[in-house]
Amino acid sequence: MNQAILDKIESEQFRKNPVDFGVGDSVKVHTKVVEGDKERIQIFAGVVIGRRGRGLNSTFTVRRISYGEGVERVFPVHSPRVEKVEVERKGSVRRAKLTYLRKRLGKGATLVKEKEGRATGTGSAKGKAAKPEAAAVA
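Residues numbered from 1 in each chain as written. Predicted model: local features only at pLDDT ≥ 70, side-chain atom pairs only at ≥ 80, totals over all residues. Heavy atoms only, no water.

This paragraph deals with the packing of aromatic side chains. As enumerated under the stated definition, the model contains three aromatic pairs in all. Three or more aromatic residues joined by ring pairs form one cluster here, namely Phe21, Phe44, Phe60 and Phe75. Geometry around phenylalanine 21 places arginine 51 over its ring, the cationic atom sitting 4.4 Å from the centre. In this structure, arginine 73 is placed above the aromatic ring of phenylalanine 44, and the distance from its NZ or CZ to the ring centre is 5.6 Å. (Phe/Tyr/Trp six-rings, centres within 6.5 Å; stacked < 30°, edge-to-face > 60°. Lys NZ or Arg CZ within 6 Å of the ring centre and 35° of its normal.)

This is the structure in structure tokens:
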């Protein structure tokens, strides 16, 4: 088959509102669960430890600790079963895959929260002390 035809078919099945999250973020994944003739939303909350794939085949892995046991689930990004993905907090990580979290327990498995005003730092103590003196001289 022609690649252009495949791309056109795939483009119809992409998620309309793309989800903006990355590895290390704490997320809540709302999934549709069908039980008999009823359909309900089930929430799986945890840390994104990896993303993989490209296009329609892209997936992400979420890990959480449930009753002292580590549980991981792999979700397709563009699946109609995934209702939405809520980002609870952004994590600051320097890896693409966080497989090392599998060995850690308790507080060791938590990631550093990304600071909101990091780029707009207030400066050092020397800078603060120098400003009043400069104002007094001028």
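Our next topic: the nonpolar core. Ranked by size, the top nonpolar core spans 11 residues in total: Phe21, Val27, Val29, Phe44, Val48, Phe60, Val62, Phe75, Val77, Val82 and Val85. Elements represented by at least two residues in this core include exactly strand E1 (26-35), strand E2 (38-52), strand E3 (59-66) and strand E5 (82-89). In this structure, valine 27 is in contact with Phe21, Phe44, Ala45, Gly46, Val48, Val62, Val85, Glu86, Val87 and Glu88, ignoring residues within four places of it in sequence. Residues Val23, Ile49, Leu101 and Leu111 belong to the second largest nonpolar core, which totals six residues. (Core = buried A, V, L, I, M, F, W, Y, C linked by side-chain atoms within 4.5 Å. Buried < 20%, exposed > 50% of the residue type's maximum accessible area, 1.4 Å probe, protein only. Helix = DSSP H or I, 4+ residues; strand = E, 2+ residues; numbered from the N terminus. Contact = heavy atoms within 4.5 Å.)

Across the sheet, which stays open at both edges, the five strands sit in the order E4-E3-E2-E1-E5 with antiparallel pairing between neighbours. Each edge of the open sheet is held by one strand with a lone partner, namely strand E4 (69-76) and E5. Shown here is a sheet whose adjacent strand axes are inclined to one another by a mean of 40 degrees, direction ignored. Looking at chain direction, E1 and E2 are connected through 10 bridges and run antiparallel. Note on E2: the bridge partner recorded for glutamate 35 is lysine 38. (Pairing = 2+ DSSP bridges. Axes fitted to C-alpha atoms, helices over the stretch in contact; angles between N-to-C directions.)

This brings us to unusual backbone geometry. Even without being glycine, tyrosine 67 reaches a positive phi, approximately 55 degrees. Note on tyrosine 67: relative accessible area 86%, which makes it exposed.

Okay, the side chain of threonine 59 next. Its location among the elements puts threonine 59 in strand E3. Of the residues examined, threonine 59 reaches a relative accessible area of 16% and is grouped as buried. Once residues within four sequence positions are removed from consideration, threonine 59 is found in contact with Gly50, Arg51, Arg52, Val74, Phe75, Pro76 and Val77.

Keep in mind these values describe shape, not function.
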